[in-house]
Amino acid sequence: MFELNLGRFKDKTALCEGEKSVSYEELESLCNSFESELPRSKQLVAIQMQNSIDTIVAYLSFLRLNYALICIDATLNESLKDEIYKRYKPNLIYKNSQLSRYSDVKIDIYKNLSLLLSTSGSTGSPKMVKLTKENIYHNTISILKYLPITKRDRTITTLPLYYSYGLSVIHTHLSVGATIVLNSDSIISKEFWESFNLHNITNLNGVPYHYEMLKRIGFLKKEYRKLKFLTQAGGKLNKKLVQEFALWAEKNGSRFYVMYGQSEATARIAYLEPDKIFEKTDSIGRAISGGKLSLKNTNIPYQEDELIYEGKNVMLGYAKDFNELSRGDELHGRLDTGDIGYVDEDGYFYITGRSKRFIKLFGNRINLDEIEQFLNSYYKSIAVIGVDNSIMVVTAHHEEGIKEKLMERYGFHHSALHVKHSESIIFKDNKKVDYQAMIERYL
Amino acid sequence: MQDRVKAVFVKALGIDESIISDELKYNEIEQWDSVAHMILIGEIEDAFDIMLDTDDIIDMSSFAKAKEIISKYLEA
């Protein structure tokens, strides 16, 4: 699919990075020469993802060779990277445009396993989602059925490429011969807007945090006539902002797509058609083509239950270390999303909560259990609770240095961290920690 | 005014006052990343009771620049 026959789009510009640009023909030959030095047998490679031409060439080449790739945040703290390497023992590590051998341990890898994405990339969670090329192809095709991406389009990267949404933008745009501007600067930087204007960007993608920042810097007061569409995924955007961006899109001849997905389903699960956005503002829409959304134990409108997704983009399963790479498909196309929601009488889905212990911190998915486990190795009687953009550590004793440890390891902003000293941890009758009760009492 | 701006930087970025100088730049210390920048903008607006424009938010790339931009609003 997108990684093969890149040369068919000839001299169309595929990638831009700063002053450099690469046509599809050139991209094809860069991949060919990169591959020529590499072993033909299936390798496990850890790739530190940067928004760069080099990273894309390596990524595409590894896929073409049918390797299994572990995508890692290049900016992650070194000790977290090491933990991932120790657990997975990759044969090769690709970082800063250099490939080096890491481990000679022979690992048994399931033949169709192609991509491993962390369940929380920005905190370096070693728990990975295992995906196949089939997963990626099916999801890419489904997305291209509703997003009007053409070879005349130009997008700019706003998301990191170790993140499923960031990768899906690359996959869809390369599939149709569009141009991708590889940017690493924040959307509130001068550099970003210079590139944005220089390249006449037509497609913009972001998580709720990006839309909050765009609103904050006055985007909605401006006109961007070249912008054909905007997409939003990666969490629930506040209803008022959905309406404001939808109105802006309507006025500017643009389209605003609210979407829903998970890495566990490669990227995309559902989307809301832009012409339904005012009628169904809070909705995640309906399943993508080829997929099916339902509720676990009910089909009665407005009754809440866990959302279930079925489709060919559902992962093989999870892995926590290299021992779990030999296993084949464990989910058989059915994913319990862990998100709680309901469906209305027209078949549109809505999300109301989460059953798993994840929050979003300034756009990044954070697993509170992992933070708690990390702190448990230093302190006794500690519990971690949180809501979006706020993490609270509750300790039964007066402990020092908690915030500092979290900032050093995960790079969290201090304003998002709160510590409640000498408070009791609340337990349920079955002796499990009652996180919900603590959120109600302490947050 | 320098001291008031300094105080806002200390609070928003969670840094020690001693490292703040005119040369302190956005993205050059890990505490002043894009997340911290948005928090800093909010704190500046609250502290000085002003509303910053898009270009000024994007331009505020050093402590010196921040002082310059804030004074422009206070004089207006």
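Residues numbered from 1 in each chain as written. Chains lettered and ligands numbered in written order. Predicted model: local features only at pLDDT ≥ 70, side-chain atom pairs only at ≥ 80, totals over all residues. Heavy atoms only, no water.

With that settled, consider the sheet that holds strand E17 (residues 305–310) of chain A. Residue and element names in this part refer to chain A. If you walk across this open sheet you meet the four strands as E16-E17-E19-E20, and the pairing is antiparallel. Either end of the sheet is taken by a strand with one partner, and the two such strands are strand E16 (292–295) and strand E20 (349–354). Neighbour-to-neighbour, the strand axes of this sheet turn through a mean angle of 50°, independent of strand direction. Examined bridge by bridge, strand E19 (residues 334–343) and E20 share five bridges and lie antiparallel to one another. Note on E20: the bridge partner recorded for glycine 341 is isoleucine 351. (Pairing = 2+ DSSP bridges. Helix = DSSP H or I, 4+ residues; strand = E, 2+ residues; numbered from the N terminus. Axes fitted to C-alpha atoms, helices over the stretch in contact; angles between N-to-C directions.)

Residues and elements named next belong to chain A. On the basis of which strands lie adjacent, the open sheet formed by three strands has the order E23-E24-E25 and mixed pairing. A strand with exactly one partner marks an edge of an open sheet, and here the two such strands are strand E23 (382–387) and strand E25 (417–420). With strand direction ignored, the average angle separating the axes of adjacent strands in the sheet is 20°. Two strands pair when backbone bridges link them, and E23 and strand E24 (residues 390–395) are joined in this way by six bridges, in the antiparallel orientation. When the sheet's bridge partners are listed, isoleucine 382 is paired in E24 with threonine 395. Running over the sheet, helix H9 (residues 368–376) touches E23 and E24 and is turned about 155° from E23. (Contact = heavy atoms within 4.5 Å.)

Moving on: the packing of aromatic side chains. Geometry of an aromatic ring pair is reported as the spacing of the ring centres plus the angle between the planes. All names here are of chain A. Under the definition given, this model contains 34 aromatic pairs over all chains. Between the aromatic rings of phenylalanine 34 and phenylalanine 62, the centroid separation amounts to 5.6 Å while the plane-to-plane angle is 70°, which identifies the pairing as edge-to-face. Here phenylalanine 62 lies in helix H2 (residues 53–64) and phenylalanine 34 lies in helix H1 (residues 24–36), a separation of 28 residues in the sequence. Here phenylalanine 34 falls in the partly exposed class, since its relative accessible area comes to 22%. (Phe/Tyr/Trp six-rings, centres within 6.5 Å; stacked < 30°, edge-to-face > 60°. Buried < 20%, exposed > 50% of the residue type's maximum accessible area, 1.4 Å probe, protein only.)

Another aspect to go through is the domain arrangement of chain A. All names here are of chain A. Per the domain assignment, the segments making up chain A are domain 1 (6–352) and domain 2 (358–442). Counting residues at the interface gives 14 residues for domain 1 and 13 residues for domain 2. For the pair domain 1 and domain 2, the two sides together bury roughly 1200 Å², of which 44% comes from carbon and sulfur. For the pair domain 1 and domain 2, the interface holds two salt bridges. Glutamate 264 is the partner of arginine 365 in a salt bridge, and the nearest nitrogen-oxygen pair spans 3.7 Å. Seen at the junction of domain 1 and domain 2, the total is seven residue pairs in polar contact (both at pLDDT 80 or more). Looking at the side of domain 1 that touches domain 2 residue by residue, the class counts come to five nonpolar, seven polar and two charged. (Domains from an automatic or database assignment. Buried area = accessible area lost by both parts, 1.4 Å probe. Salt bridge = Lys/Arg side-chain N within 4 Å of Asp/Glu carboxyl O. Polar contact = N/O pair within 3.5 Å; in protein donor to acceptor, adjacent residues only side chain to side chain. Nonpolar A, V, L, I, M, F, W, Y, C, P; charged D, E, K, R; others polar.)

Let's shift gears to unusual backbone geometry. All names here are of chain A. Of note in this structure, lysine 89 is not a glycine but carries a positive phi near 50°. Along the chain, the position of lysine 89 falls in the loop between helix H3 (78–88) and strand E5 (92–95). Phi angles above zero are rare outside glycine, and threonine 266 is one such case at about 70°. Looking at where threonine 266 falls in the secondary structure, it is placed in the loop between strand E13 (255–261) and strand E14 (268–272). The exposure class of threonine 266 is buried, given its relative accessible area of 7%.

Residue and element names in this part refer to chain A. At a minimum axis separation of 11 Å, helix H7 (residues 208–216) and helix H8 (residues 239–251) run at an interaxial angle of 65°. In terms of crossing hand, the pair formed by H7 and H8 is left-handed. Across the interface between the two elements, Tyr211, Glu212, Leu214 and Lys215 from H7 touch Leu241, Glu244 and Phe245 from H8. (Left-handed = near helix turned anticlockwise from the far one by under 90°.)

It is worth spelling out helix H4 (residues 133–146) of chain A at this point. Residues and elements named next belong to chain A. The first and last C-alpha atoms of H4 sit 21 Å apart over 14 residues, in line with the 20 Å expected at 1.5 Å per residue. Of all the residues in H4, the buried ones are Lys133, Asn135, Ile136, Tyr137, Asn139, Thr140, Ser142, Ile143 and Tyr146. The N-cap of H4, judged by a side-chain oxygen 3.3 Å from the amide nitrogen of glutamate 134 a few residues on, is threonine 132. (Expected span 1.5 Å × (residues − 1).)

Here the focus is the interface of chain B and chain A. Put simply, an interface is often sized by how much accessible area is lost when its parts join up. Contact residues are listed per partner, giving 19 residues for chain B and 15 residues for chain A. Of the roughly 1400 Å² buried at the junction of chain B and chain A (both faces included), carbon and sulfur atoms supply 62%. Sorting the residues of chain B by area buried against chain A places Val35(B), Met38(B) and Ile58(B) first, and these three jointly supply 37% of that buried surface. The interface formed by chain B and chain A includes three salt bridges. The residue Asp55(B) makes a salt bridge to Lys222(A) at a minimum N-O spacing of 4.0 Å.

Residue and element names in this part refer to chain A. Take asparagine 313: it is sitting in the loop between E17 and strand E18 (317–319). Among the polar contacts made by the side chain of asparagine 313, one reaches the main-chain carbonyl oxygen of alanine 265 at a distance of 3.0 Å. Every residue in contact with asparagine 313, bar those within four places of it in the chain, is listed here: Leu131, Asn135, Asn139, Glu264, Ala265, Thr266, Arg268 and Ile288.

This brings us to the environment of Leu80(A). Examined against the element boundaries, Leu80(A) turns out to sit in helix H3. Apart from residues lying up to four places away in sequence, Leu80(A) is in contact with Thr123(A), Arg409(A) and Tyr410(A).

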